[in-house]
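Residue strings, one per chain:
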Amino acid sequence: MFNVEKITDTRYIYTCKNKNKSGESLMVEFSLIKCDGEELPKLWKKHKYTDKLYKSYISVSVYVTDADGIEKEKYNPTIKLSDDKKRYTINFDWLLEISKENKQKLLNKIYDNFMEGND
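If you're wondering where the values come from, they're calculated on a predicted model, not measured in any experiment.

Regarding a nonpolar patch on the surface
Step number 1: A grouping of Ile79, Leu81 and Tyr88 is seen on the molecular surface, where their side chains present a nonpolar patch of about 290 Å² in accessible area.
Step number 2: Secondary-structure assignment places Leu81 in strand E6 (residues 79–81).
Step number 3: In this structure Leu81 comes out as partly exposed when scored by relative accessible area, which is 38%.

This is the structure in structure tokens:
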């Protein structure tokens, strides 16, 4: 389903072998972020974006190239449109701690979104 390229110990590129029904191709980048005393997870919790204090998380970028060669970010479950529909924000339901299982869970969700065309 994917070719995997390890860029560093904390960064991986997954390139989908298939195109979806719209003729799009898919590339996913995972960066594994460790939060040893970092302020950002503390701010997320302080401002009640999440109840959890993250010790790590998987940062996701999803790149889709359409049939005309135009690249855009789509199908990423870790971001969502804000309530006022003016910007994208973190979707904490899909901001997951670093683990092999969570990487696979994210990859499966992205692939399903991609194949179904659910952005």
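Re the sheet that holds strand E3 (residues 25–34)
Step number 1: Strand order in the open sheet formed by five strands is E1-E2-E3-E4-E5, and the pairing between neighbours is antiparallel. Each edge of the sheet is formed by a strand with only one pairing partner; in this case those strands are strand E1 (2–8) and strand E5 (71–72).
Step number 2: Bridge count between strand E4 (residues 56–65) and E5: two bridges; the pairing is antiparallel. Each bridged residue has a counterpart across the sheet, and for Thr65 the counterpart in E5 is Glu71.
Step number 3: The strands that helix H2 (residues 100–116) touches are E1, strand E2 (11–16), E3 and E4; relative to E3, the one it contacts most, it runs at about 155°.

What counts, and where the lines are drawn
- Chains are numbered independently. Their residues run from 1 in the order of the written sequence.
- Thresholds applied to this predicted model are a pLDDT of at least 70 for local features of residues and 80 or more for the giving and counting of side-chain atom pairs; totals over whole chains, interfaces and linings are not thresholded and use all residues.
- The basis for the side-chain values is all heavy atoms of the structure; hydrogens and waters are excluded.
- Note that patches include only residues with greater than 30% relative accessible area and no salt bridge, and the join distances are 9 Å for like charges and 5 Å for nonpolar side chains (Val, Leu, Ile, Met, Phe, Trp, Tyr).
- Working definition of accessibility: Shrake-Rupley area with a 1.4 Å probe, residue cover restricted to the visible protein chains.
- Take a side-chain nitrogen of Lys or Arg and a carboxyl oxygen of Asp or Glu: if they are within 4 Å of each other, that pair is a salt bridge.
- Only DSSP runs of H or I with at least four residues qualify as helices, and only runs of E with at least two residues qualify as strands; both kinds are numbered from the N terminus onward.
- Buried, partly exposed and exposed residues are distinguished by accessible area as a fraction of the type maximum, computed with a 1.4 Å probe on protein chains only: under 20%, between the cut-offs, and over 50%, respectively.
- Strand pairing is assigned whenever DSSP detects at least two bridges linking the two strands.
- For this analysis, residues touch if any pair of their heavy atoms sits within 4.5 Å.
- To obtain each axis, a line is fitted to C-alpha atoms, and for helices this fit is confined to the stretch in contact; angles are then taken between N-to-C directions over 0 to 180 degrees.

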